[in-house]
Each structure stands twice: as C-alpha cells, then as structure tokens.
Amino acid sequence: MVANRLLTAFNFLVEIQVEGVSEQLCRAAFAECDGLEISMEPKTFHQGGQNAEQVHLAGPVSYGQLTLKRGMSQDFGLWRWFTEVMKTHQRGLRGQGMVVMLDGAQQPQMTFKLKDCLPIKIRAPALNAKDGGIAIEELQLVYASMAVEFGSSAADQPVQGGGNPASSLSAP
C-alpha cells in the first residue's frame, strides 16, 4: 500500500551502541534530529586547450554534526557515555549510531548508520515543577562516516560515504 510506504520526517528512531558501556546504550525518542549530512568538495581543473569547460573530480568527503533535541530515554545511558568520554583514559570511547526512518506501518524504510560517534555536547532541560520535563534537551554527536541503507530489510543496498568513488546511489 502506498500510504504505508510514505516517509515522514517525524517518524524515526535513534539507536546508539557503545562497546564497554552498554550493548544498547540508547533506543530513544527525540523530537528533532538534524545533521545527517555528507558533503563532497569537488576538485576542479581546466584541461589543456579546453578554455570553455571545467573538469570536476570527486574530492574529500566531510560529514555533519548530528543534533538530537528534546529526547526521552528509559535510562541514563547517554549521560553515562558522555561522563566516560570525559575521563582521560576513555577519550577514545566511540559509539555506533543508527537513525531509522519508519513508514506509516512502523517498518524501517531508510537507515542512516553512523560510525564512531563521539558526544560533544549534552544538555539537560530547564528544571521547572510546572512543566512535564524531558530527559535530554539536546545531544550533539560528531561521526567519522555515514552509510545509508534503503528498504525494509535494512540491508537492501547500502551506500557508503567515505572516500569510495565506486559507491553508487540506487533507488529501492
């Protein structure tokens, strides 16, 4: 059914695993997710004798900074992870993240796999007895690379970001 396949920006899950802290550190619901981004800086040059054209080659790839806002989680795993990373001997503690977009039937349709995530900011909400507070106001992560997978099997056709010019983007 077409209606079940429709992807909406509000229907997503966030999962984070950190080896040594928790197998499933986080399976949280956030109101906002921003920063799923890959940029490529093209290398441009002029070919000898071709003064009216430029040649563009694929250049280095960079990634965005993931920002998750207004989140709810069942435990304090994200806070523990950030605390562990602050310790001198745990500076290299990285997590593996996934942002899964769901269709109307709650089936995965697109998965963003984030490799080697590092938390760089975590912020608690304002404490106010009148409000129904949330567990995390904002969490920011940087990541080393991102792979995109399409389809409900979450393994249909992965697209790797990260320096492989042979990677191709294909529709499901």
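As the structure is a computational prediction, the values presented were derived from the model and not from experiment.

Undergrad: What's the story with the nonpolar core in this structure? I'm lost.
TA: A general trend in soluble globular proteins is that nonpolar side chains are found buried together. In terms of nonpolar packing, the biggest core is built from 31 residues, with Ile16, Phe30, Leu78 and Trp81 touching the most fellow members. When residues of this core are traced back to their parent elements, those giving at least two are β1 (12-18), β2 (22-34), β7 (65-72), α2 (77-86), β8 (95-102), β9 (108-123), β10 (136-142) and β11 (145-150). Examining the composition of this core, we find that 6 residues originate from one element, β9, more than from any other.

Undergrad: Any chance you could explain α2 here in plain terms?
TA: Among the residues of α2, those classed as buried are Gly77, Leu78, Trp81, Phe82 and Val85. Buried positions in α2, seen along its axis, are confined to an arc of 140° and lie on one side of it.

Undergrad: Any chance you could explain the pairing of β11 here in plain terms?
TA: Every other side chain in a regular strand lies on the same face of the sheet, so the side chains alternate between the two faces. Taking burial as the measure, the 6 residues of β11 include 6 buried ones, the bulk of the element. What you see with β11 is no split at all: Ser145, Ala147 and Glu149 on one side and Met146, Val148 and Phe150 on the other are buried throughout. Relative to β11, β9 runs antiparallel, the two sharing 6 bridges. What sits directly across from Phe112, in β11, is Val148.

Undergrad: When you look at unusual backbone geometry in this model, what are you seeing that I'm missing?
TA: For residues that are not glycine, phi is negative in most cases, and the peptide bond is trans in most cases. Backbone geometry at Arg70 places phi at a positive 50°, although glycine is not the residue there. Structurally, Arg70 is set in strand β7. The residue Gln106 is not glycine, and still its phi comes out positive at about 65°.

Undergrad: Hey, could you run me through the pattern of salt bridges in this one?
TA: Think of it this way: side chains of opposite charge can pair up when their charged atoms draw near. With the rule as written, the count across this model stands at 6 salt bridges. Across the pair Glu138 and Lys121 runs a salt bridge whose closest N-O atoms are separated by 4.0 Å. Separated by 17 residues along the polypeptide, Glu138 in strand β10 and Lys121 in strand β9 bring together distant segments of the chain. When its relative accessible area of 6% is taken as the criterion, Glu138 is described as buried.

Undergrad: Mind showing me how you'd approach the confidence of the model for the protein here?
TA: Atom-level detail of predicted coordinates should not be read off regions where pLDDT is low. When pLDDT is averaged across the protein, the result is 79; 79% of the residues are at 70 or more. The secondary-structure element of the protein with the lowest mean pLDDT is strand β12 (residues 159-160), recorded at 46, while strand β6 (residues 61-63) shows the highest, at 96. When the criterion is pLDDT under 50, residues 153-172 qualifies, and its contacts beyond four places in sequence or with other chains add up to 32 contacts.

About the criteria used
Residues numbered from 1 in each chain as written. Predicted model: local features only at pLDDT ≥ 70, side-chain atom pairs only at ≥ 80, totals over all residues. Heavy atoms only, no water. Core = buried A, V, L, I, M, F, W, Y, C linked by side-chain atoms within 4.5 Å. Buried < 20%, exposed > 50% of the residue type's maximum accessible area, 1.4 Å probe, protein only. Helix = DSSP H or I, 4+ residues; strand = E, 2+ residues; numbered from the N terminus. Arc of directions from axis to C-beta. Pairing = 2+ DSSP bridges. Salt bridge = Lys/Arg side-chain N within 4 Å of Asp/Glu carboxyl O. pLDDT = per-residue confidence, 0-100. Contact = heavy atoms within 4.5 Å.

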